[in-house]
Amino acid sequence: MDDQPPPEFRIHQTAQENLSHDNPPQRSFDEEMKEDVTKDCPGWNNPDVKKTYVIPPTFPDIPVNRDNKGERTEKYFYDILTEFGEKTKQPMIVVHSCEFKELVQCFEKGTNFAKSYWLKGEHDFVIIHRTCGVIFFQVKAALKTAGAYTKAVQQINKDQDSLTAAMKHLSLKKDREKIEEEMRKYPGFAVMPNCSRQLAGNRTGCFKEDCKTADAFDKWWKANIVRRGNPEFSQKMYELMVIRFAAPLMTSCLQSVVLDNTYKRLIKLTKDQLSIMMGDCPQQYIKGPAGSGKTWLLMEKAKQLARIKPNEGILIMCFNRPLSMYLAKEFHQFPNVSVKTFVSLLLGIKGGMTSLNGLSEDEKKKLVFDCVKKLPQVTNSKYKYEHVFVDEGQDMFGIWIDLVDLLHMDSDDDRRYKWVFFDNNQNVQIMGPKTNITRKMVNSAKEMNRIVRNTLNIFECSKKYLSPTLGAEIGHGVTGRQVKWVDSMSGCTLSQCLQQGTEIVRKEVSDLQRDRVTMSNIVVLTCDTKVSEKVCQDLSEGSPCIQTQDAEEAVESPNHAAVTVDSLRRFKGLERQVVILLDPPFNDQLNMELNYVGMSRCFCLLIIVTSKEKRKVYEEFTFEC
């Protein structure tokens, strides 16, 4: 190149001079666009910020019941790019599915006659990297290269031609040849995640082995992208490319905005899809995995009854104390509704006991038997209800269903409701095999096997802990945020692991706080209460200090500036926008169900803090029926 300044210094803005009628003009179109990008991606134009922004911040919805192999392959690569960028702190903006339409002029040889035509298409992925320039990726789902690779290369050529045409329109006529030379420095690659490199032969691209994991893609990136780094890619050219590719598609990348939008969509989908089940069936068993909306349906039906039958007693019984406190708060305006835990009912009927601590499994079952025997003789009307709703039926024990029948005042002359909800995929109370749900209950139960409370990404992470016999499937196409794995725990002892894990949690919470996520929307779940108590103490004493509360405090007297920290078992039945699983029991065969419980507590963003070894155990796990 000659001594002239590189093309970016001769391109002043992407469109009109200014957006104001004032004289002199107040600011250019580019300045307006940069300000909009800054609102949604804070720090994007700061050379010192090493961060990846992905636009859109969640992958577009994938409609259910549709052949979507191409979309899922693009989603796979979207997830790889996201994890790679976050893990290696790449200073880049990733733009997915960007349409283009450029007017191209071709001069016939030996003449000044220009033929014009519109170049139209779609960039699968465009990366605007602060040091590596612009990189195009075209993704193909094919298993073999054959025609798919050729088509991808043709599309990449169109990608590059469209960028060249756009830059020519913004440059001086005498500089257009240099513009074309400059734009050709930016590479493009075919991405074929389902095709092995062996089948690809000598073709250049990113194949199955190259994008199997974020670490594998990192190796490919260093071999194919870093060595191509463009030293002439200045700050001004970087901003110009962001305005061209990212600004028109810009939506907020702030976690708080993304999570709130996802949460609102899931709540609406729950209502839209489950309202049909509010029908007038007085007595039924209802089964479904976590995330299918069982608790939501129970609450809505009970509220409906409480309004139209204010003089009739309604009992809502569940197993978990924090869940019972949440339900009691939801029904505080209905004096005819009583919310009790299974254990509190047993203690009330039996009398003379304050807890079940120290009782063996057989002794607990005998207690239920004694209560069933005693209840018909109890004259106190507080143990008689016209309507009974049971949640978490799988966690009850003994002949609990007989107790429910006795609590319910059935009548042939009036419609009285008895709805029993259970999840036949889990049983988290520590009492041995699942003998508390009978075959008759399972066979007669109405199924709720469509997941509506979790995003597609969370469901795909947790579904390996679901029995295939359930036939559970996602009930919508909301992909949501990618599940984030932080697999850097490596301590030799339990205390070292816990200390490492707590500091990782502190960093993740601090990052979320910087992204304006409300702290009370975050929960950290551990394997047991002793660990959660230790994590609470360490988070509050370290720097920066993280305020904490347990599940009961979060319900009874919530502190919106505090993160909830509790055990997987105690948080069962509750939900949060953000769930951080701290060292989940991936390698504990006796507690595999807790992994499913923990993951399914999450609406929008799931963060898993573990070691590389335990992550591998998760990846290799297969559910055995």
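Residues numbered from 1 in each chain as written. Predicted model: local features only at pLDDT ≥ 70, side-chain atom pairs only at ≥ 80, totals over all residues. Heavy atoms only, no water.

Undergrad: In this structure, what is going on with the overall build of the chain? I would like to understand it.
TA: Secondary structure summary: the chain contains 20 helices and 20 strands in total. In the chain, of all internal contacts separated by at least 6 residues, the share reaching a separation of at least 24 is 72%. Carbon and sulfur atoms make up 50% of the accessible area of the chain, which totals about 29100 Å². (Helix = DSSP H or I, 4+ residues; strand = E, 2+ residues; numbered from the N terminus. Contact = heavy atoms within 4.5 Å. Areas by Shrake-Rupley, 256 points an atom, 1.4 Å probe, with all protein chains shown as cover.)

Undergrad: Looking at this structure, I do not really get helix α17 (residues 529-541). What am I missing?
TA: Taking 1.5 Å of rise per residue, 13 residues should cover 18 Å, and α17 covers 18 Å from first to last C-alpha, within 8% of that figure. If you check which residues of α17 are buried, you get Ser532, Val535, Cys536, Asp538 and Leu539. Taken together, the buried residues of α17 touch α16 (494-514), β16 (522-526), β17 (548-549), β18 (563-567) and β19 (576-582). Sitting at the head of α17, aspartate 528 places a side-chain oxygen 3.1 Å from the backbone nitrogen of lysine 530. (Expected span 1.5 Å × (residues − 1). Buried < 20%, exposed > 50% of the residue type's maximum accessible area, 1.4 Å probe, protein only. Polar contact = N/O pair within 3.5 Å; in protein donor to acceptor, adjacent residues only side chain to side chain.)

Undergrad: I tried to follow unusual backbone geometry on my own but got confused; where do I start?
TA: Peptide bonds are trans in most cases, and residues, glycine excluded, mostly fall at negative phi. Residue proline 56 is reached from isoleucine 55 by a cis peptide bond, and omega for that bond is -5 degrees. Inspection of the secondary structure puts proline 56 in the loop between β1 (52-55) and α2 (69-88). Proline 544 follows serine 543 through a cis peptide bond whose omega is -5 degrees. Tracing the backbone through its elements, the reader meets proline 544 in the loop between α17 and β17.

Undergrad: What is the right way to look at the packing of aromatic side chains in this model?
TA: A complete count under the given rule lists 26 aromatic pairs for this structure. Where tyrosine 417 meets tryptophan 419, the ring centres are 6.2 Å apart and the plane angle is 70 degrees; that geometry is what we call edge-to-face. A connected cluster of aromatic rings, assembled from ring pairs, spans Phe77, Phe84, Phe125, Phe137, Phe189, Phe217, Trp220 and Trp221. The ring of tryptophan 118 has lysine 101 sitting right over it, with the charged end atom 5.1 Å from the ring centre. (Phe/Tyr/Trp six-rings, centres within 6.5 Å; stacked < 30°, edge-to-face > 60°. Lys NZ or Arg CZ within 6 Å of the ring centre and 35° of its normal.)

Undergrad: In this structure, what is going on with the sheet that holds strand β12 (residues 446-447)? I would like to understand it.
TA: Note on sheets: strands pair through backbone hydrogen bonds, and any given pair is parallel or antiparallel. Reading across the sheet, the six strands line up as β9-β8-β10-β11-β7-β12 and stay open at both edges, with parallel pairing between neighbours. Looking at strand neighbours, the two that pair on one side only are β9 (337-341) and β12, the edges of this open sheet. One ladder, built from three bridges, connects strand β10 (residues 387-390) with strand β11 (residues 418-422); its direction is parallel. When the bridges of β11 are listed, valine 388 appears paired with lysine 418. (Pairing = 2+ DSSP bridges.)

Undergrad: Looking at this model, I keep getting lost on the pattern of salt bridges. Mind explaining?
TA: Two side chains of opposite charge can pair, provided their charged atoms sit close to one another. Overall, the coordinates contain 32 salt bridges when judged by the stated rule. Note that arginine 265 and aspartate 61 form a salt bridge whose closest N and O atoms lie 2.5 Å from each other. One end of the pair, arginine 265, is in helix α8 (residues 255-274); the other, aspartate 61, is in the loop between β1 and α2, with 204 residues separating them in the sequence. Assessed through its relative accessible area of 39%, arginine 265 is described here as partly exposed. Residue aspartate 61 is classed as partly exposed on the basis of its relative accessible area of 34%. Each of the salt bridges in this network shares a partner with another, and the network as a whole consists of Glu83, Asp487, Lys612, Arg615 and Glu619. (Salt bridge = Lys/Arg side-chain N within 4 Å of Asp/Glu carboxyl O.)

Undergrad: So what exactly am I meant to see when it comes to the nonpolar core here?
TA: Counting residues in hydrophobic clusters, the biggest one holds 80 residues, and the most contacted among them are Phe137, Phe217, Trp221 and Leu606. If one sorts the elements of this core by residue count, helix α9 (residues 294-308) sits on top with seven residues. Setting aside chain neighbours within four positions, we find phenylalanine 137 in contact with Phe77, Asp124, Phe125, Ile127, Phe189, Val191, Phe217 and Trp220. Grouped together as the second largest cluster of nonpolar side chains are 30 residues, Leu345, Leu346, Met396 and Val404 included. (Core = buried A, V, L, I, M, F, W, Y, C linked by side-chain atoms within 4.5 Å.)

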